[in-house]
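Each chain, letter by letter, is given below.
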Amino acid sequence: SQQGEEDPQALSIQEGENATMNCSYKTSINNLQWYRQNSGRGLVHLILIRSNEREKHSGRLRVTLDTSKKSSSLLITASRAADTASYFCATGSGQAGTALIFGKGTTLSVSS
Amino acid sequence: DGGITQSPKYLFRKEGQNVTLSCEQNLNHDAMYWYRQDPGQGLRLIYYSQIVNDFQKGDIAEGYSVSREKKESFPLTVTSAQKNPTAFYLCASRRTSGNYNEQFFGPGTRLTVL
């Protein structure tokens, strides 16, 4: 079962612009994580936000979490062509060893 | 280098054949996972293992089998019972201590049925 639904499915922007992608989920969570996937590669972890946190920053990334709306957003500021990739949200239940549940992803294209 | 390796990178299978995808990690993680990714889709969980000699079915386990005889290794066999096996397969691992752990992914194996 897929927990997260990212929105939009695809996003095209110019270098220097900000990119915002959203994730909605269905059940209670312990944490929410964002991953990046370059075409044909494995996923790379970007950032984790705990259920008791509302906002988190890491470099050009800003993640928000609204547990009342069961939604999260990922903001990439000052986008670069190298940010072109697919971005996935994944939810964790907190139970040790259980798998994260991934959404379908947002494909971001940044043109120079 | 610590990480997860998957082999082969590309795999071609004839209909009716079983094939085994390799996944090895040297991160000393207890938990390992197999996901399937179809074009434009997210990741769907096939099987996962939280400890050696134990594993559980995920959402789409039919037509697949796994083993976990060693902590470092979690091979996935795609059997002839899997009717539509062409996909990108991703292996991942994670620590089980603590509640806030990221998953580390291998580079993936692209399986094509001829």
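What you see is a predicted model; the values in this text were computed from it and never measured. (Residues numbered from 1 in each chain as written. Chains lettered and ligands numbered in written order. Predicted model: local features only at pLDDT ≥ 70, side-chain atom pairs only at ≥ 80, totals over all residues. Heavy atoms only, no water.)

Tell me what's going on with the overall build of chain B, and back it up with residues and numbers.
Helix and strand counts for chain B stand at zero helices and 11 strands. Secondary structure of chain B in N-to-C order comes out as β-β-β-β-β-β-β-β-β-β-β. Taken along its principal axes, the extent of the C-alpha atoms in chain B is 40 × 25 × 25 Å. Going through the 114 residues of chain B one by one, you find that 47% of them count as buried. Counting every atom, chain B has about 5,600 Å² of accessible surface; 46% of that belongs to carbon and sulfur. The averaged location of the 11 negative side-chain charges in chain B is 5 Å from the averaged location of its 13 positive side-chain charges. (Helix = DSSP H or I, 4+ residues; strand = E, 2+ residues; numbered from the N terminus. Buried < 20%, exposed > 50% of the residue type's maximum accessible area, 1.4 Å probe, protein only. Areas by Shrake-Rupley, 256 points an atom, 1.4 Å probe, with all protein chains shown as cover. Lys, Arg positive; Asp, Glu negative; His and termini not counted. Charge placed at Lys NZ, Arg CZ, Asp CG, Glu CD.)

Before we move on, can you summarise the layout of surface pockets with the specific residues and values?
Taking a probe equal in size to a water molecule and rolling it over the atoms shows the remaining empty space. Space inside the largest pocket adds up to approximately 450 Å³. Forming the walls of the largest pocket are 26 residues, and the residues nearest its centre are A:Q37, A:S86, B:Q37, B:P39 and B:G40. For the lining of the largest pocket, the secondary structure elements donating two or more residues are β9 (85-92) and β11 (106-111) of chain A together with β9 (87-94) and β11 (109-113) of chain B. (1 Å grid on protein atoms, 1.4 Å probe; cavity = no way out; pocket = protein on both sides within 12 Å on 5 of 7 lines; lining within 4 Å. Points joined across faces, edges and corners; volume = space filled by probe spheres on them.)

Help me get a handle on the environment of B:N18, residues and values and all.
Residues and elements named next belong to chain B. The topology assignment puts N18 in the loop between β2 (10-13) and β3 (19-25). Residues N18 and G63, spaced 45 residues apart in sequence, show a C-alpha to C-alpha distance of 9.9 Å. Filtering out sequence-adjacent residues up to four positions away, N18 remains in contact with T77, V78, T79 and S80. Among the polar contacts made by the side chain of N18, one reaches the main-chain amide nitrogen of S80 at a distance of 2.9 Å. (Contact = heavy atoms within 4.5 Å. Polar contact = N/O pair within 3.5 Å; in protein donor to acceptor, adjacent residues only side chain to side chain.)

Hey, could you go over the side chain of A:H45 for me, with residue numbers and the actual values?
Relative to the helices and strands, A:H45 resides in strand β5 (residues 43-50). In this view, A:H45 contacts A:Q33, A:W34, A:Y35 and B:E102; residues no more than four positions away in its chain are not counted.

Break down the confidence of the model for chain B for me, with residues and values.
Put simply, chain B has an average pLDDT of 93, and 98% of its residues get 70 or more. Per-element averaging of pLDDT across chain B places β2(B) at the bottom with 94 and strand β7 (residues 64-66) of chain B at the top with 98. (pLDDT = per-residue confidence, 0-100.)

Mind laying out the side chain of B:S73, listing which residues take part and the relevant values?
Residues and elements named next belong to chain B. Residue position: S73 is located in the loop between β7 and β8 (76-78). A distance of 3.0 Å separates a polar atom in the side chain of S73 from a polar atom in the side chain of E24. If we ignore the near neighbours within four places in the chain, the residues touching S73 are C23, E24, M32, S67 and R68.

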